[in-house]
Amino acid sequence: MSNAKSSFDLSIQEAESILGFYDELNKDKLRSKELEVLKRAGLIIALTSWETYVEDRIEESVAELLTGLSKVKVGEFMSSKLSEELKRFHTPNSEKTQKLFVDYLGIDVHKSWNWNNFELPKIKKKLDELVLKRGEAAHRARDNDVSQKPDLIKIDELRKSITFLKSLVEANEKAFK
């Protein structure tokens, strides 16, 4: 197991903890509008866990590839370029993720992105939708009149999204075996 995967496993537990807090506070089912913030936070943490996993996994793999080359100009150059690129890697959608792994490692992670009833087009679409929702949750204030606007993410959708991201990381790890 990669260090990136181990870190992801710990990080995604925070999003799962938020689900527990939501369930505990919403036992009476009367406060769901007030608890919208927990769903948004869970989404943000879950997608941040994915983003961090991708960044850590590429850094870890490139470091392994460059073992012994760190003092050579080509090794320094590649490490420097990767660091610069990761500073701009804020939207870990399917295409940007694939491009990063292809550009630096020659690995098309999309080839490993399939499990159970999920196939690549559906996986890419789901990830891209989640990334967009995370952006909205992180950068857009919730409308004050929540009764007129549906939830950004329903609690069941958040649960499924966390499971999806965990499966995606497992599938991504297979690309390195």
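As shown above, the structure is provided for reference.
Residues numbered from 1 in each chain as written. Predicted model: local features only at pLDDT ≥ 70, side-chain atom pairs only at ≥ 80, totals over all residues. Heavy atoms only, no water.

Caption draft 1: Region of the structure containing unusual backbone geometry. The backbone of Asn116 shows a phi angle near 40°, a positive value even though the residue is not glycine. You can call Asn116 exposed: its relative accessible area is 77%. (Buried < 20%, exposed > 50% of the residue type's maximum accessible area, 1.4 Å probe, protein only.)

Caption draft 2: Geometry of the nonpolar core. Counting residues in hydrophobic clusters, the biggest one holds 43 residues, and the most contacted among them are Trp50, Leu127, Leu165 and Leu168. Elements that contribute at least two residues to this core include exactly helix 1 (3-25), helix 2 (36-65), helix 3 (73-87), helix 4 (94-105), helix 5 (120-139) and helix 6 (155-174). Look past the residues within four positions of Trp50 in its chain and what remains in contact with it is Phe8, Pro92, Thr97, Trp113, Leu127, Leu165, Leu168 and Val169. (Core = buried A, V, L, I, M, F, W, Y, C linked by side-chain atoms within 4.5 Å. Helix = DSSP H or I, 4+ residues; strand = E, 2+ residues; numbered from the N terminus. Contact = heavy atoms within 4.5 Å.)

Caption draft 3: Here's a closer look at the packing of aromatic side chains. Summed over the entire model, instances satisfying the criterion amount to 7 aromatic pairs. Here the aromatic cluster, defined as three or more aromatic residues joined through ring pairs, consists of Phe8, Trp50, Tyr53 and Trp113. Residue placement shows Lys122 over the ring face of Phe118; its charged tip is 4.8 Å from the ring centre. (Phe/Tyr/Trp six-rings, centres within 6.5 Å; stacked < 30°, edge-to-face > 60°. Lys NZ or Arg CZ within 6 Å of the ring centre and 35° of its normal.)

Caption draft 4: Structural detail: the side chain of Thr97. For Thr97, the position within the fold is in helix 4. From its side chain, Thr97 meets the backbone oxygen of Asn93 in a polar contact 2.8 Å long. Not counting residues up to four positions away in its chain, the partners in contact with Thr97 are Trp50, Val54, Phe89, Pro92, Val109 and Trp113. (Polar contact = N/O pair within 3.5 Å; in protein donor to acceptor, adjacent residues only side chain to side chain.)

Caption draft 5: Quick peek at the side chain of Arg40. Take Arg40: it is sitting in helix 2. Of the polar contacts made by the side chain of Arg40, one reaches the backbone oxygen of Ala137; its length is 3.2 Å.

Caption draft 6: Up close: helix 4. The end-to-end C-alpha distance of helix 4 is 16 Å, a good match for the 16 Å that 12 residues give at a rise of 1.5 Å each. Residues Ser94, Thr97, Gln98, Leu100, Phe101 and Tyr104 constitute the buried set of helix 4. The arc enclosing the buried residues of helix 4, seen along the axis, measures out at 160°, which places them on a common side. At its buried positions, helix 4 is contacted by helix 2, helix 3, helix 5 and helix 6. Looking one or two places after helix 4, you find Gly106, whose phi comes out positive at around 70°. (Expected span 1.5 Å × (residues − 1). Arc of directions from axis to C-beta.)

Caption draft 7: A look at the environment of Glu55. Within the secondary structure, Glu55 is located in helix 2. A C-alpha to C-alpha distance of 18 Å links Glu55 and Gln13, two positions 42 residues apart in sequence. With residues up to four places along the chain from it excluded, the contact list for Glu55 reads Leu86 and Phe89.

Caption draft 8: Here's a closer look at the pattern of salt bridges. For the structure on display, the rule yields 14 salt bridges. Notably, a salt bridge pairs Glu36 with Lys39, separated by 3.0 Å at the nearest N-O pair. Taken together, the residues Glu36 and Lys39, both in helix 2 and 3 residues apart, mark about one turn of the helix. For the pair Glu36 and Lys39, a shared accessibility class is recorded, and that class is buried. A salt bridge links Arg134 to Glu51; the nearest nitrogen and oxygen atoms lie 3.0 Å apart. With Arg134 in helix 5 and Glu51 in helix 2, this pair connects stretches of sequence that are 83 residues apart. This pair shows no difference in class: Arg134 is buried, exactly as Glu51 is. Through salt bridges with shared partners, one network takes in Lys5, Asp9 and Glu170. (Salt bridge = Lys/Arg side-chain N within 4 Å of Asp/Glu carboxyl O.)

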